[in-house]
Amino acid sequence: MRPRLTGAQAIASDLASAAGYMVPSLLIAPVTEGTSVAWLPALLLGTATAGDTYNTERRAGMPDRQAVIYSAAVGAVEGGLQYALGGIEAYGKEGAFSMLAESPAGNAALAKLDGVLRAAARSPAAQKALETAAAAGRFAIRMNDEGFEEYLQEILQPVIRNVVLGEDNEVKAFTPQALYAYVLGAITAGAFNAVSAAAEAGEFAYKSSAAYENTTGEARGRFICLRLHCSYDKKSN
């Protein structure tokens, strides 16, 4: 049915398919989060991807041995990229933005941002504005991370086929299919991360309350920097 759908119907169908595809692996995320097996949901997603790829390629006429090897490669790339770069929080690391933030250049930039934030946070009104901006920014960054991961996955498909199957597909840095994958990935991450975002919103509401106004500047600074993935040095406060 999917090939006959167009426009909004096609997008809705693909989003529903992606969501159903991820749910089984996401169900165990609350159990594995913060443990030594936090990578397990991403592994299960990769396994599901491999199984789906195998079935698709077999229906298309690919020999069994080739289908097994190719689907295993696709699943490994999907699971690995999702764990390392993806924007769905339950799947592992903080995403592509955090990887950049941990680089020397990223650390230097965040150190400067840290100083600006602490200076601005001396005003209660500025603290509330920064907290709100941090929450919205974090949510948008996670959507972008997932979109980027799906975009990269799509771009790498011909590379995997060339390496595993010996084909000679052209590898392009941009394709309409990759852009579509980015959009679907971003929307999917927004949907799955909405629950944690709602929880953060409740936390932000408390942080803006009168009770929080009585806490120290250090606590406020730490909270704001936590949301923006920067450090807090109380000596410079």
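Read on for a plain summary of the structure. (Residues numbered from 1 in each chain as written. Predicted model: local features only at pLDDT ≥ 70, side-chain atom pairs only at ≥ 80, totals over all residues. Heavy atoms only, no water.)

1. Observations regarding the overall build of the chain
Within the chain, the secondary structure is distributed over 10 helices and 0 strands. Counting helices and strands in the order they occur from the N terminus, the chain gives α-α-α-α-α-α-α-α-α-α. Per-residue burial over the chain gives 35% buried out of 237 residues. Considering only intrachain contacts with a sequence separation of at least 6, the fraction spanning at least 24 residues in the chain is 66%. Within the structure as shown, the chain displays about 12800 Å² of accessible surface, and the carbon and sulfur contribution to it stands at 65%. (Helix = DSSP H or I, 4+ residues; strand = E, 2+ residues; numbered from the N terminus. Buried < 20%, exposed > 50% of the residue type's maximum accessible area, 1.4 Å probe, protein only. Contact = heavy atoms within 4.5 Å. Areas by Shrake-Rupley, 256 points an atom, 1.4 Å probe, with all protein chains shown as cover.)

2. Overview of the packing of helix 3 (residues 40–59) against helix 4 (residues 64–85)
The geometry of helix 3 relative to helix 4 is characterised by a closest axis approach of 7 Å and an angle of 150 degrees between their N-to-C directions. With respect to each other, helix 3 and helix 4 are oriented roughly antiparallel. Like other packed secondary-structure pairs, helix 3 and helix 4 cross with a definite hand, here right-handed. Side by side, helix 3 and helix 4 meet where Ala42, Leu45, Gly46, Thr49, Ala50, Thr53, Tyr54, Glu57 and Arg58 of the first sit next to Asp64, Ala67, Val68, Tyr70, Ser71, Ala72, Val74, Gly75, Glu78, Gly79, Gln82 and Tyr83 of the second. A per-class count over the contact of helix 3 with helix 4 returns 10 nonpolar, 7 polar and 4 charged. (Axes fitted to C-alpha atoms, helices over the stretch in contact; angles between N-to-C directions. Parallel < 35°, antiparallel > 145°, perpendicular 65-115°, else oblique. Left-handed = near helix turned anticlockwise from the far one by under 90°. Nonpolar A, V, L, I, M, F, W, Y, C, P; charged D, E, K, R; others polar.)

3. Digging into a nonpolar patch on the surface
Together, Ile11, Phe174, Leu179, Val183 and Ile187 line one region of the surface with nonpolar side chains, adding up to about 400 Å² of accessible area. With 3 residues, the top contributor of residues to the nonpolar patch is helix 8 (residues 176–207). Exposure remark for isoleucine 11: the relative accessible area of 31% places this residue in the partly exposed category. (Patch = residues over 30% accessible without salt bridge, like charges linked within 9 Å, V, L, I, M, F, W, Y side chains within 5 Å. Salt bridge = Lys/Arg side-chain N within 4 Å of Asp/Glu carboxyl O.)

4. Digging into the environment of leucine 26
Here leucine 26 is to be found in helix 1 (residues 7–27). Judged by relative accessible area, leucine 26 falls into the buried class, the value being 14%. Between the C-alpha atoms of leucine 26 and leucine 40, which are 14 residues apart in sequence, the distance is 9.7 Å. Apart from residues lying up to four places away in sequence, leucine 26 is in contact with Ile88, Ala90, Tyr91 and Phe192.

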